[in-house]
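Coordinate analysis (summary)
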Amino acid sequence: MLLKKEYNGSSEIFQIIRTPNTGKISTDELIKISMQMNRMIDLQKYPLREVMVGGKAFKYTEHFFMDQMFQQHFWYADGAEVIYIGVYLMREDRIRYPDIIKQVIEGIKW
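This is a predicted model, so every value here is computed, not measured.

1. Looking at a nonpolar patch on the surface
A cluster of nonpolar side chains, contributed by Met-40, Phe-65 and Met-66, occupies part of the molecular surface with about 280 Å² of accessible area. Among the structural elements, Met-66 can be located in the loop between β4 (56-65) and β5 (69-77).

Right under this line is the structure:
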């Protein structure tokens, strides 16, 4: 997790969740769970793309949440593990952090 200091605490701008796939869920099931938790994920408006992260093929989409926060979602699931990568950039963060986030994602090695 990558946090940005704020005057009243901190703001999460990047997270990676990696866990064993004990439920044996598919990437599509993982995406559906995410869509239930975040109703702003609209795959009709912002279709899924495939991107490589650390040699693994992730499903990817991006969108704006409440017209304020730019969100990126990366999902991966196989028989052994589930991985979710989330990026959450507020308006002012979209100027400062995209290059850093891109370098972090490109530098991931599983």
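Having put the structure on the table, let's press on.
2. Here's the deal with the pattern of salt bridges
By the definition in use, this model includes five salt bridges. Taken together, the shared-partner salt bridges connect Arg-18, Lys-56 and Glu-81 into one network.

3. Overview of the nonpolar core
Counting 16 residues, the largest nonpolar core has Phe-14, Val-53, Phe-58, Phe-74, Ile-85, Val-87 and Ile-105 as its most contacted members. Secondary structure elements with two or more residues in this core: β2 (9-20), β4, β5, β6 (81-89) and α3 (98-106). For this core, the leading source of residues is β6, giving four residues. When neighbours within four sequence positions are excluded, Val-53 is seen to be in contact with Phe-58, Phe-74, Ile-85, Ile-105, Ile-108 and Trp-110. Counting residues in each nonpolar core, the second largest holds nine residues, with Ile-31, Ile-41, Met-69 and Trp-75 among its members.

Each value, and the rule that gives it
Residues numbered from 1 in each chain as written. Predicted model: local features only at pLDDT ≥ 70, side-chain atom pairs only at ≥ 80, totals over all residues. Heavy atoms only, no water. Patch = residues over 30% accessible without salt bridge, like charges linked within 9 Å, V, L, I, M, F, W, Y side chains within 5 Å. Areas by Shrake-Rupley, 256 points an atom, 1.4 Å probe, with all protein chains shown as cover. Salt bridge = Lys/Arg side-chain N within 4 Å of Asp/Glu carboxyl O. Helix = DSSP H or I, 4+ residues; strand = E, 2+ residues; numbered from the N terminus. Core = buried A, V, L, I, M, F, W, Y, C linked by side-chain atoms within 4.5 Å. Buried < 20%, exposed > 50% of the residue type's maximum accessible area, 1.4 Å probe, protein only. Contact = heavy atoms within 4.5 Å.

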